[in-house]
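These are the residues of each chain, in order.
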Amino acid sequence: MSTILEKKGKNIGYKPVGQFEETRFEKIHNVIFEDSNEASIRVAEEIADLIRKKQAVGKTCVLGLATGSSPIRVYGELVRMHKEEGLSFSNVVTFNLDEYMPMDKANMQSYYYFMHEHLFNHVDIPAKNVNIPDGKISQEKVVEYCLGYEKKIKDYGGLDFQLLGIGRTGHIGFNEPGSHRNSGTRVITLDHITRVDAAPSFLGIDNVPRKAITMGIATVRSAKRIVLLGWGHNKAEIIKETVEGNITSQVPATYLQEHDNVTFVLDTGAGSELTRNKTPWLVGSCEWTDELTSKAIVWLCGKTGKSILSLTDKDYNDNGMSDLLSLVDSYDLNIKMFNKLQHTITGWPGGKPNADDTSRPERAEPARKRVIIFSPHPDDDVISMGGTFDRLVEQGHDVHVAYQTSGNIAVSDKEALKFAEISNTIVPSEEAQKIIDGILGKEENTFDSLEVRKLKGAIRRGESYAATRYLGLQDANVHFLDLPFYETGTIKKKSLSEADIAIMVDLINEIKPHQIYAAGDLADPHGTHKVCLDAVFEAMKRLKEEPFMKDCWLWLYRGAWHEWDINDIEMAVPMSPSQVLKKRYAIFCHQSQKDGVMFQGDDSREFWMRVEERNRGTAERYKALGLAHYAAMEAFVRYKFD
Ligand code: F6R
């Protein structure tokens, strides 16, 4: 097992597989870090350690490498170690797991391009030591080529270390469901889910290749050491199946259970479905914090099909929660939980004036609050909190909306062309004609010109004004921040810079809000929401000494992609049927995002449908727990800085 991951990892609750009660459901050694950055650095350290050890005895270090979003930070850290600590790759030979087919090396979507951009161009690895399957190999030669790839690995003495990601199908490399445990390097047909996941970077599923060359399961398993990386909630289900389920060709990663030196390195999101994290009371004795108690009671209601106030001692005892009853009886537990949830419900998201606010989610004073709603894209405000937005305006608060990014890449060429042609019909201009020609003559896999991006951004601004006016907000309270990190014209964005933070700081400082709403919805496919939330955190941190900040509360919303767990919700804002409709019409104002958006994710429904279902679902869950039954509810969690 890895010494570095065990000794240095700030891992939470790591115990060797099978030896302790806590990990008794687990068949693969795993380490969970709070943060994927920290985890990636630890993995990079393990790789560097191996390279150095091999160097010290004059040997070659043979690495199996992966692409995708998971290993990017590991490669970043290896590059840093090369530049700042003199880590040399002169004794390293690499074999990449896979490559799309057909795929040209020069194509920006190729794994060849990816590996050079993220690693090889920045370290001293000899070019002859780099092996990446050739995506242009002809049909006639491919079998021989694959056998040659296998042989080359063996001739180098086999893989010393294999880095892996995991697909939502359970693929490792591109070994999709159905792959055999003895499979070698070969051509494979990609699973639909894999193609859906790859669609954003190819600007649409139709551009995603259908085939790939991949190392086989046997090739991967022959590695002396394997580390698989898993980040985020999107991976939580497949990680659970892989770590706790039975070995099956339907989840090829489960074959890793047969390897004796494999570690899954996860963040809390990816590890969240493991039994020891999701329902620790089913695993062994727990430390019953308030949060864990709430989580367990909500789960128990789901399991028994009962409301909170109907749970009995027997329900607790039968479901691994008997030690909870040793402190209090079920009646007290039930009442306490019922009240806790009851107090999250409010029709006054900005606080109810002249009311006792001791058990309300928001303060009564000041009665008129200054509010900033940060919206990562120009529509998350209405999608995720349109009902609450409406109430805040109606209840007389000084509401500001700040769109953090222009959202220009999500407008289709078809939509942009429509606007350019209309504009050119009314006032013919060289600029409009240039945009029209640019769109009509655009070649596949090329970027939009600055003019086209500007037009696309303007379309989203127009739609945003339509929605904010519809909700009764004056234009002066609508702010388009166009944060620079987003303006690359591609899916891949820059990192946050001082320029981004300065824009955020200026706005918050100007408005001096009592409430900030921000997207805590971190499952969006391109990661923009996470970057936007980091920008909010950083700006608030920089302003923390300002007197107004001690009265500034941060509320996190979700909704576009997933919802908060009921036990985490701190404010639930109910909506009447007519408010649900009003929210729907506000979302409809974002015309360019309707009827099939460019970046759909794996949910084929339009945003308003997804969110209506989620808001209705939250209301249904409150009802099932025995609370009042509303048509829909928007949910928020209050973020408290240390
Ligand atoms: C990449 C590869 C794939 C990815 C997997 C996860 O070379 O073989 O198995 O590791 O699809 O992709 P990300 O990391 O983008 O979630």
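In the block above lies the structure referred to throughout.
All values derive from a computational prediction rather than experimental measurement.

S.K.: Hey, could you run me through the overall build of the protein in this one?
M.R.: A count of helical and extended segments in the protein gives 21 helices and 17 strands. The C-alpha atoms of the protein give a radius of gyration of 27 Å, which matches the 26 Å a tight globule of 642 residues would have. Overall, the C-alpha framework of the protein stretches about 80 × 80 × 45 Å when taken along its three principal axes. Long-range contacts, defined as pairs at least 24 residues apart, comprise 75% of the intrachain contacts of the protein with a sequence gap of at least 6. Of the roughly 27,800 Å² that the protein leaves accessible, carbon and sulfur atoms contribute 52%. Of the charged side chains in the protein, 79 are positive and 92 negative; the average position of the first set lies 2 Å away from that of the second.

S.K.: Please clarify how the layout of surface pockets should be interpreted in this entry.
M.R.: To find leftover empty space, a probe the size of one water molecule is rolled over the atoms. A volume near 250 Å³ is recorded for the second largest pocket. When residues of the lining of the second largest pocket are traced back to their parent elements, those giving at least two are helix H10 (290-304) and helix H13 (330-342). If one sorts the elements of the lining of the second largest pocket by residue count, H13 sits on top with 5 residues. When grouped by side-chain class, the residues that make up the lining of the second largest pocket number 7 nonpolar, 2 polar and 4 charged.

S.K.: Whenever I open this one, the packing of aromatic side chains confuses me. Can you help?
M.R.: To describe a pair of aromatic rings, you give the distance between the ring centres and the angle between the ring planes. Counting across every chain of the model gives 19 aromatic pairs. Ring centres 5.2 Å apart and planes at 75 degrees place the aromatic pair Tyr465 and Phe480 in the edge-to-face group. Linking Tyr465 in helix H17 (residues 450-470) with Phe480 in strand E13 (residues 478-480), this pair joins segments that are 15 residues apart in sequence. With a relative accessible area of 16%, Phe480 lands in the buried category. Ring centres of Phe537 and Phe641 lie 5.9 Å apart, and the angle between their planes is 85 degrees; this geometry places the pair in the edge-to-face category. Of the two residues, Phe537 sits in helix H19 (residues 528-542) while Phe641 sits in the segment after strand E17 (632-639), which places them 104 residues apart along the sequence.

S.K.: Explanation requested: the sheet that holds strand E4 (residues 98-101) in the structure shown.
M.R.: In sheet architecture, strand pairing relies on hydrogen bonds along the backbone and comes in two forms, parallel and antiparallel. The strand order across the open sheet formed by 3 strands is E4-E8-E7, and the pairing between neighbours is antiparallel. Looking at the sheet topology across the chains shown, the edges are occupied by E4 and strand E7 (186-189). Put simply, the sheet's adjacent strands are angled 30 degrees from each other on average, direction ignored. Direction of pairing for E7 relative to strand E8 (residues 211-214): antiparallel, over a ladder of 4 bridges. Counted as the bridge partner of Ile188 is Ala212 from E8. Against the sheet, helix H5 (residues 139-155) engages E4, E7 and E8, with an angle of about 30 degrees to E8.

S.K.: I would appreciate a short explanation of the sheet that holds strand E12 (residues 398-403) in the present structure.
M.R.: Taken together, the 7 strands give an open sheet; going across it, the order is E13-E12-E11-E14-E15-E17-E16, and neighbouring strands pair in mixed fashion. The open sheet has two edge strands, E13 and strand E16 (571-575), and neither has a second partner. The average undirected angle you get between the axes of adjacent strands in this sheet is 25 degrees. Here strand E15 (residues 553-557) pairs with E17 via 4 bridges, running antiparallel. Bridge pairing in E17 places Leu556 opposite Val637. Across the face of the sheet, helix H14 (residues 380-394) comes into contact with strand E11 (370-375), E12, strand E14 (515-519), E15, E16 and E17 while running at roughly 90 degrees to E17.

S.K.: Is there a simple way to think about the side chain of His590 in this case?
M.R.: Counting through the fold element by element, His590 comes out in the loop between helix H20 (577-588) and helix H21 (607-624). When its relative accessible area of 1% is taken as the criterion, His590 is described as buried. Setting aside chain neighbours within four positions, we find His590 in contact with Pro378, Asp379, Val382, Glu463, Ser464 and Ala467.

The rules behind each value
In this convention, every chain numbers its residues from 1, walking through the sequence in written order. Local features in this predicted model are restricted to residues of pLDDT 70 or higher, and side-chain atom pairs are both shown and tallied only at a pLDDT of 80 or more, whereas totals for entire chains, interfaces and linings draw on every residue. The basis for every side-chain value is the complete set of non-hydrogen atoms in the structure, without hydrogens or water. By the criteria applied, helices consist of DSSP H or I runs no shorter than four residues and strands consist of E runs no shorter than two, each listed in order from the N terminus. Computation of the radius of gyration draws on C-alpha atoms, with the globule rule given as 2.2 Å multiplied by the number of residues to the power 0.38. When checking whether two residues touch, look at their non-hydrogen atoms; a contact exists if any pair is within 4.5 Å. Only the protein chains shown count as cover for residues, and all accessible areas are computed by the Shrake-Rupley method using a 1.4 Å probe. Neither His nor the chain termini are counted; the positive set is Lys and Arg, and the negative set is Asp and Glu. To locate a charge, the coordinates of NZ of Lys, CZ of Arg, CG of Asp or CD of Glu are taken. Only protein atoms enter the 1 Å grid used here. Points where a 1.4 Å probe fits but cannot escape make up a cavity, open sets with protein on both sides within 12 Å along at least five of seven lines make up a pocket, and a residue lines them when an atom lies within 4 Å of a point. Grid points are joined across faces, edges and corners, and a volume is the space filled by probe spheres set on the points. The classification used treats Ala, Val, Leu, Ile, Met, Phe, Trp, Tyr, Cys and Pro as nonpolar, Asp, Glu, Lys and Arg as charged, and all other residues, Gly among them, as polar. Aromatic pairing here means that ring centres of Phe, Tyr or Trp (its six-membered ring) are within 6.5 Å. Orientation follows from the plane angle: under 30 degrees is stacked, over 60 is edge-to-face, and everything else is tilted. The rule is simple: take the accessible area with a 1.4 Å probe, protein chains only, and divide by the maximum for that residue type; under 20% is buried, over 50% is exposed, in between is partly exposed. We call two strands paired when DSSP finds no fewer than two bridges between them. Think of each axis as a best-fit line through the C-alpha atoms, taken over the contacting stretch in the case of a helix, with angles from 0 to 180 degrees between the N-to-C directions.

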